[in-house]
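The primary structure of each chain is shown beneath.
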Amino acid sequence: MFLLPFQGNPVLAAVYLVLGVAVAALASLYLTTRRPRLNFPIVGDPDATDCRDALVEGAILYPDQPWVLPLQDPMVILPHSAVSEIKSLPEKQMSLNKELYVRFLGRYTLLGQDDDEMVSVIKHDLYRSLSDVFDNVLVDEAIYGVAASVGACKDWTPLAPFNVTARIITMLNGRTFVGLPLSRNEDWIHSTIAFTTEGDIVAQSLRPYPSLIRPVVAPFLPAVRSLKKHQALVSKKTQPLIEAHFARSASEKKDPNQSGRLLSWLLGKYKNGTSPNRIAKDYLLSSAASIPIPASLLTHILFELGKRPEYVEPLRLELRAAVEKNGGKFSYNCLGSLDKMDSFIKETQRLNSHGLIMMTRRTTAKFTMSDGTVIPKDVSVGVSNYGLNMSPTIHENPEEFRGFRFSDLRQSKPGVGARTQFVSTGLDNLNWGYGNHACPGRHFAAAEIKLTLAYLLSNYDLKLGDDGRPDNMIFGLLVVPNPFAKLLFKRRAPIAGLEL
Ligand code: HEM
């Protein structure tokens, strides 16, 4: 019989085990740090947590050529002119999913895993039915969500706006995606929000380990276990809905009042059936895209309104006029009349965009740019969004917050209309991305944000606390509002047609 050298000797076995792990760690370290050689200049401090200075410096030093931002996983910053070259490239050339999977450790966080069915449902079904979903599902849920999340506030009441907006957005999404009663289930709401915020903690806690070691370490990390728990809960709670869907007749499935339309559209894509785990994954991936970013933007909007109370009355006047014009009722029809609100939201996004870098992709094949520059395979690339949002050639006095910048522009320069809407995408506006991956949920997001803001403005006064408008928090490429900072809310007499 073949005998292993340590058999029967526990001390030797332990030595072999330690040696084995060390060799695996070294091999893994070698493999993970063995990156394609990048012959581009490096700009910025590898230890900086805020890359804005590097983006400004890089744009001055190398406006027309790629340079490297020395993140832990370095990123090649491409010149703005590259946007039109990369915007429509297929996954086999440049991949958004691969970038997400590698940068955010998708094996553990799910990010970057395949969710084509869900993307298609958001891009096509949800977009086509938006006005119907808005009037029959979202308005009712906004009334419930705002009242339940902000509360009575008879006197000035301090609340952390991110908690409020994340709950409201989660309820609006949930009502559209899975319907009542599940969408208001507290465990469901908690797990959905927690999944989207804890993913980053998982990525951060696992990133320092070499990739071969991560599967060994991961099961012991509390953050990873917690993420798995949320996944399991969503999977368990979705199962009866999936069974009910497949048991319903074709005519029942077409019922416009049927709850949880998005789930129904999604299940329609899985003609040969699917599993609760797969649906949970689709749902959680879409939640990662559709909860933190709109909730953060709404939070920034509330902070900006607290800082600039002079905008509140003009926005309320516009709301009142829109509702009156629409027969005293707030519905999807009103959104087209909310020109100032659209501008205020877009200006807030411009100065607080969640991404300092956009068009982030990973090359899945060698890529030769039109000027002959070669980007090797397996390289992370992106374009400075901060540079565009702060560009004086695109925005007059870019440092200045002008809430009605875009509505004024639309008035004074007829013809710029479509390009300056909040939902517009373009070469000069990457806040939603651009090209084949441009955010497919942006029309839905804009509708949710306007709806929530309308009910908040109508029913509450708000003001900043003594500490003023809190600074944003910057983590590498990401900008988030301070989730702990508070705003004060107080109930007011509502605008007719926008009561809670
Ligand atoms: C203010 C809110 C939002 C912002 C600023 C935003 C922004 C973005 C950006 C920048 C991208 C990447 C585009 C690219 O790299 O070219 C993206 C992708 C995506 N977004 Fe959004 N998003 C928002 C809300 C939403 C919502 C509400 C949904 C779902 C209903 C959603 C679903 C998605 C999906 C599925 C993708 C991936 C698209 C693909 O793989 O092709 N987003 N979003």
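Residues numbered from 1 in each chain as written. Predicted model: local features only at pLDDT ≥ 70, side-chain atom pairs only at ≥ 80, totals over all residues. Heavy atoms only, no water.

Asker: Looking at this model, I keep getting lost on the overall build of the protein. Mind explaining?
Answerer: Within the protein, the secondary structure is distributed over 21 helices and 12 strands. Relative to the globule expectation of 23 Å for 500 residues, the C-alpha radius of gyration of the protein, 25 Å, shows essentially globular dimensions. Burial analysis of the protein (500 residues in total) assigns 49% to the buried set. Counting contacts in the protein only where the partners sit at least 6 residues apart, residues at least 24 apart contribute 75% of the total. Of the roughly 23,400 Å² of accessible surface on the protein, a fraction of 57% belongs to carbon and sulfur atoms. Treating the 56 positive side-chain charges of the protein as one cloud and the 49 negative ones as another, the clouds have centres 5 Å apart. (Helix = DSSP H or I, 4+ residues; strand = E, 2+ residues; numbered from the N terminus. Rg over C-alpha atoms; globule rule 2.2 N^0.38 Å. Buried < 20%, exposed > 50% of the residue type's maximum accessible area, 1.4 Å probe, protein only. Contact = heavy atoms within 4.5 Å. Areas by Shrake-Rupley, 256 points an atom, 1.4 Å probe, with all protein chains shown as cover. Lys, Arg positive; Asp, Glu negative; His and termini not counted. Charge placed at Lys NZ, Arg CZ, Asp CG, Glu CD.)

Asker: Where do I start with the pairing of strand β5 (residues 357-363) in this structure?
Answerer: Along a regular strand, successive side chains alternate from one face of the sheet to the other. For β5, the buried fraction is high: 7 of the 7 residues fall into the buried class. Relative to β5, strand β3 (residues 94-95) runs antiparallel, the two being bridged by 2 bridges. Among the inter-strand pairings, Ser95 is bridged to a residue of β5, identified as Arg362. Sheet topology note: the β5/strand β8 (residues 380-384) ladder contains 4 bridges and is antiparallel. Its bridge partner being in β8, Arg361 is matched across the sheet by Val381. (Pairing = 2+ DSSP bridges.)

Asker: Can you help me understand the packing of aromatic side chains in this one?
Answerer: For any pair of aromatic rings, the description consists of the separation of the ring centres together with the inter-plane angle of the planes. The final tally for this structure, using the stated rule, is 12 aromatic pairs. Plain terms: the ring middles of Phe330 and Tyr455 are 6.0 Å apart, the flat faces sit at 90° to each other, and that makes the pair edge-to-face. With a gap of 125 residues between them, Phe330 in the loop between α16 (312-325) and α17 (332-335) and Tyr455 in helix α21 (residues 442-459) connect regions that are remote in the sequence. Accessibility classification places Phe330 together with Tyr455 in one group, the buried group. Here the aromatic cluster, defined as three or more aromatic residues joined through ring pairs, consists of Phe134, Phe330, Tyr332 and Tyr455. Positioned over the ring face of Tyr144 is Arg184, at 3.6 Å from the centre of the ring. Between Lys340 and the ring centre of Phe404, over which it is positioned, the NZ or CZ distance is 5.7 Å. (Phe/Tyr/Trp six-rings, centres within 6.5 Å; stacked < 30°, edge-to-face > 60°. Lys NZ or Arg CZ within 6 Å of the ring centre and 35° of its normal.)

Asker: Explain the side chain of Thr373 to me, please; I cannot follow it from the model alone.
Answerer: Within the secondary structure, Thr373 sits in the loop between β6 (367-368) and β7 (374-375). According to the relative accessible area criterion, Thr373 is buried, its value standing at 18%. Within the structure, Thr373 has its side chain in polar contact with the side chain of Asp371 (distance 2.7 Å). Among all residues touching Thr373, those that are not within four sequence positions of it are Phe40, Pro66, Phe367 and Thr368. (Polar contact = N/O pair within 3.5 Å; in protein donor to acceptor, adjacent residues only side chain to side chain.)

Asker: What exactly am I supposed to notice about helix α20 (residues 405-412) here?
Answerer: The periodicity of an α-helix, 3.6 residues per turn, causes residues three or four positions apart to be oriented the same way. Every buried residue of α20 is accounted for by Arg405, Phe406, Ser407 and Arg410. Of the surrounding elements, those touching the buried residues of α20 are α18 (339-351).

Asker: Even after reading the chapter, I still don't get the site of the ligand, so can you show me in this structure?
Answerer: Taken together, 23 residues are adjacent to the ligand, and Ser290, Arg361, Trp432, His437 and Cys439 come closest. Here an oxygen atom of the ligand sits 3.5 Å away from a polar atom, N or O, in the main chain of Tyr434. At a separation of 2.6 Å, an oxygen atom of the ligand approaches a polar side-chain atom of His437. For the shell around the ligand, the secondary-structure elements that each account for two or more residues are α6 (116-128), α14 (276-290), α15 (292-307), β5 and α21. (Near = heavy atom within 4 Å.)

Asker: I tried to follow the sheet that holds strand β9 (residues 460-464) on my own but got confused; where do I start?
Answerer: Strands belonging to one sheet form pairs held by backbone hydrogen bonds; the direction of such a pair is parallel or antiparallel. With respect to topology, 3 strands assemble into an open sheet ordered β4-β12-β9, the strand pairing being antiparallel. Sheet topology places β4 (157-159) and β9 at the edges, where each strand pairs with a single neighbour. Averaged over all pairs of adjacent strands, the angle between their axes in this sheet comes to 35°, without regard to strand direction. The pairing of β9 with strand β12 (residues 487-491) spans 5 bridges and is classified as antiparallel. Counterpart to Asp461 in the pairing with β12 is Lys490. Against the sheet, α21 touches β9 and β12, its axis set at about 90° to β9. (Axes fitted to C-alpha atoms, helices over the stretch in contact; angles between N-to-C directions.)

Asker: What should I look at first to understand the pattern of salt bridges in this one?
Answerer: Any two side chains of opposite charge can pair, given that their charged atoms come close. For the structure shown, the criterion picks out 28 salt bridges. Of the charged contacts in the structure, one is a salt bridge between Arg175 and Glu141, with a shortest N-O distance of 2.6 Å. Of this pair, Arg175 sits in helix α8 (residues 161-177) while Glu141 is found in helix α7 (residues 130-150), placing the two residues 34 residues apart along the sequence. We classify Glu141 as buried; its relative accessible area is 1%. In this structure, Arg405 and Glu347 form a salt bridge, with 3.0 Å as the shortest nitrogen-oxygen distance. (Salt bridge = Lys/Arg side-chain N within 4 Å of Asp/Glu carboxyl O.)

Honestly, it's all geometry; don't read function into it.
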